[in-house]
Amino acid sequence: GVTLPSIQVTNTTVCGLDSVVLICSSNDTGICIHWLFNGQSLGLTDRMMLIETVRRQDSGDYQCEVSNPVSSKRSDPIQLDIISPLPSLLKSLLKQFRLTLLKGRTFFYLSTIYQRQSKSFT
């Protein structure tokens, strides 16, 4: 018979719009591979599965099934969590905004010191 396959994944928590790669690992040769998502066949038979642009509906359990004419076995499910890209996008925008504010304040502070100094020289 076949041995139990396992799934290797680049990341189980993926930010929406990123990509993710799942690999079905098996020590057996001469086998067929099938991918399942929430128990339903995906119709994919490659050892490697790439989801190029993940969406929220890609969240769920992934399994690979290996089979030969004698037997078949399914891997333990790997749960993929898709998180919204919005919070991280907002965080980076806020960070940039804060930096701009800080730069502006620092510049303002330095220019007022410079003005005071130049006044005291005249």
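Scroll up to find the structure.
Computed from a predicted model, the values in this text were never measured in an experiment.

Draft legend 1. Layout of the pairing of strand β4 (residues 32–37). Summarising the sheet, β4 and strand β7 (residues 60–67) pair through 6 bridges and their orientation is antiparallel. The partner of histidine 34 across the bridge, within β7, is glutamate 65. What sits between the antiparallel neighbours β4 and strand β5 (residues 40–41) is a turn of 2 residues, in which asparagine 38 has the positive phi angle 50 degrees.

Draft legend 2. Structural detail: the packing of aromatic side chains. Inspection of the entire model under this criterion finds 1 aromatic pair. On the numbers, 4.7 Å between centres and 35 degrees between planes, the contact of phenylalanine 37 with tyrosine 62 is tilted. Taken as a pair, phenylalanine 37 in strand β4 and tyrosine 62 in strand β7 lie far apart in primary sequence, 25 residues in all. On the basis of relative accessible area, tyrosine 62 is assigned to the buried category, the value being 3%.

Draft legend 3. Fine view of the pairing of strand β9 (residues 78–83). With burial as the criterion, only one face of β9 is covered, namely that bearing Ile78, Leu80 and Ile82; the residues Gln79, Asp81 and Ile83 on the opposite face remain uncovered. Of the strand pairs in this sheet, strand β2 (residues 13–15) and β9 are connected by 3 bridges, and their pairing is parallel. The residue of β9 that forms the bridge with valine 14 is isoleucine 82. Note that β7 and β9 share 3 bridges and pair antiparallel. Following the sheet pairing, tyrosine 62 is matched in β9 by isoleucine 78.

Cut-offs used in this document
Residues numbered from 1 in each chain as written. Predicted model: local features only at pLDDT ≥ 70, side-chain atom pairs only at ≥ 80, totals over all residues. Heavy atoms only, no water. Pairing = 2+ DSSP bridges. Helix = DSSP H or I, 4+ residues; strand = E, 2+ residues; numbered from the N terminus. Phe/Tyr/Trp six-rings, centres within 6.5 Å; stacked < 30°, edge-to-face > 60°. Buried < 20%, exposed > 50% of the residue type's maximum accessible area, 1.4 Å probe, protein only.

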